[in-house]
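Analysis of the macromolecular model
If you want the building blocks of each chain, they are given just below.
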Amino acid sequence: QVQLVESGGGLVQPGGSLRLSCVASGLTFSTWSMAWFRQAPGLEREFVAYSSWIASGGFYADSVKGRFTISRDNAKNMVVLEMNSLKPDDTAVYYCAARSNTRQGSYLQPVQYDFWGRGSQVTVSS
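A short tour of the structure in this document, coming up. Please read all numbers here as calculations on a predicted model, not as lab measurements. (Residues numbered from 1 in each chain as written. Predicted model: local features only at pLDDT ≥ 70, side-chain atom pairs only at ≥ 80, totals over all residues. Heavy atoms only, no water.)

Right, let's get into the state of the cysteines. Tallying each qualifying case throughout the model produces one disulfide. Note that C22 is cross-linked by a disulfide to C96, the S-S spacing being 2.1 Å. Looking down the S-S bond of the C22 and C96 bridge, the torsion is -75°, so its handedness is left-handed. Highlighted residues: C22 in strand 3 (residues 18-25) and C96 in strand 9 (residues 92-100), separated in sequence by 74 residues. Each member of the pair, C22 as well as C96, carries the same accessibility label: buried. (Disulfide = S-S within 2.5 Å. Helix = DSSP H or I, 4+ residues; strand = E, 2+ residues; numbered from the N terminus. Buried < 20%, exposed > 50% of the residue type's maximum accessible area, 1.4 Å probe, protein only.)

In this section: the packing of aromatic side chains. Under the criterion given, the structure shown has 10 aromatic pairs. Between the aromatic rings of F37 and Y113, the centroid separation amounts to 5.1 Å while the plane-to-plane angle is 80°, which identifies the pairing as edge-to-face. Of the two residues, F37 sits in strand 4 (residues 32-39) while Y113 sits in the loop between strand 9 and strand 10 (115-116), which places them 76 residues apart along the sequence. Joined through ring pairs, the aromatic side chains of F37, F47, Y50, F59, Y95, Y107, Y113 and W116 make up one cluster. Its end group placed over the ring of Y95, R45 keeps NZ or CZ at 3.8 Å from the ring centre. A cation over a ring is seen here: R45 above W116, with NZ or CZ 4.8 Å from the ring centre. (Phe/Tyr/Trp six-rings, centres within 6.5 Å; stacked < 30°, edge-to-face > 60°. Lys NZ or Arg CZ within 6 Å of the ring centre and 35° of its normal.)

So, about the nonpolar core. If you look at the biggest cluster of nonpolar residues, it comprises 33 residues, and the most contacted ones within it are W36, L81, M83 and Y94. Counting residues per element, the ones that place at least two in this core are strand 3, strand 4, strand 5 (46-51), strand 7 (68-73), strand 8 (78-83), strand 9 and strand 11 (120-124). Setting aside anything within four residues of it in sequence, one finds Y94 in contact with E6, L20, W36, F37, R38, V48, F68, L81, M83, G119, S120 and V122. (Core = buried A, V, L, I, M, F, W, Y, C linked by side-chain atoms within 4.5 Å. Contact = heavy atoms within 4.5 Å.)

Our next topic: the sheet that holds strand 1 (residues 3-7). Across the sheet, which stays open at both edges, the four strands sit in the order 1-3-8-7 with antiparallel pairing between neighbours. Bordering the open sheet on either side are strand 1 and strand 7, each of which pairs with just one other strand. Pairwise comparison of adjacent strand axes, ignoring direction, gives a mean angle of 15° for this sheet. With six bridges joining them, strand 7 and strand 8 adopt antiparallel strand pairing. Considered in strand 8, the bridge of S71 is made with V80. (Pairing = 2+ DSSP bridges. Axes fitted to C-alpha atoms, helices over the stretch in contact; angles between N-to-C directions.)

In structure tokens:
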């Protein structure tokens, strides 16, 4: 019923840029907060960026602040992560996630999200 589909990943050189997109279906997109997480091999899933359903702007992990930008287009049911100045440590599978506006837990925690995409691989290597 609910589906989140990521796209835009790939191989990029250090210092390069990529744009990830996530298209949602099966929910009223404008009433859901959206986020990006990532997971590198052998590591836990890590928060990257968050877009509230009701507040403008974005919230970012310290590791990506100033380099990544999250945005959303509610008319297209889409959330975008623009990634610039990419580093090898950014290599991971990137996941789109949706969070109900009824949740009270921290948006930093994966368990506070209701739906997940299947992920898109981003590899930063020269």
